[in-house]
Amino acid sequence: MNETLKLLKNTEMFSEMREEVLRSLSDVMRRIQVEPGTRIIKKGSKGKSMFIIAEGTVKVHDGNHIHARLNAGDVFGEYALLDEEKRSASVTTDTASVLYKLEQDELYELMSSNANFLKGVLRAFDQALAGAQ
């Protein structure tokens, strides 16, 4: 099993998706390595990407105010895949990190070509929204 597929299976948001759907998703995700102090998301910028942390930690913040710290297995930026609203907070790495990035265009392409994939993604977002409330 490749690293991306394993990460997706162990991420709460995607853990209930069928393996065939996860494989499609893992095929289009890009692995990026970043140094400590790297800003991944800038508050106010338009978002079109979601990230899963494979290694390291990041902080979600507005200036010096830290909203949350996220670790391996956590997801951030997921709502940007559905809506290109401006980002409500910045995200900066605390430590050297390995992230997997999914772009909105790649997700839309998969959803348009595969009904099962679309159902799986909608179910994952529904569960993520329910957990956020």
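Just so it is clear, the model here is predicted, and its values are computed rather than measured. (Residues numbered from 1 in each chain as written. Predicted model: local features only at pLDDT ≥ 70, side-chain atom pairs only at ≥ 80, totals over all residues. Heavy atoms only, no water.)

Visitor: Just give me the short version of the environment of Ser-45, but keep the residues and values in it.
Guide: Tracing the sequence through the fold places Ser-45 in the loop between strand S2 (39-41) and strand S3 (49-55). Owing to a relative accessible area of 26%, Ser-45 belongs among the partly exposed residues under this scheme. When the C-alpha positions of Ser-45 and Ser-90 are compared, they lie 9.1 Å apart, and in sequence the two are 45 residues distant. Excluding anything up to four places from it in sequence, Ser-45 contacts Glu-85, Lys-86 and Arg-87. (Helix = DSSP H or I, 4+ residues; strand = E, 2+ residues; numbered from the N terminus. Buried < 20%, exposed > 50% of the residue type's maximum accessible area, 1.4 Å probe, protein only. Contact = heavy atoms within 4.5 Å.)

Visitor: Describe in detail the packing of aromatic side chains, supporting the description with residues and values.
Guide: Tallied over the full model, the rule gives one aromatic pair. Aromatic pair Phe-51 and Phe-76: ring centres 5.1 Å apart, planes at 15°, arrangement stacked. One end of the pair, Phe-51, is in strand S3; the other, Phe-76, is in strand S6 (residues 75-76), and 25 residues separate them in sequence. Residue class for Phe-51 comes out buried when judged on its relative accessible area of 4%. (Phe/Tyr/Trp six-rings, centres within 6.5 Å; stacked < 30°, edge-to-face > 60°.)

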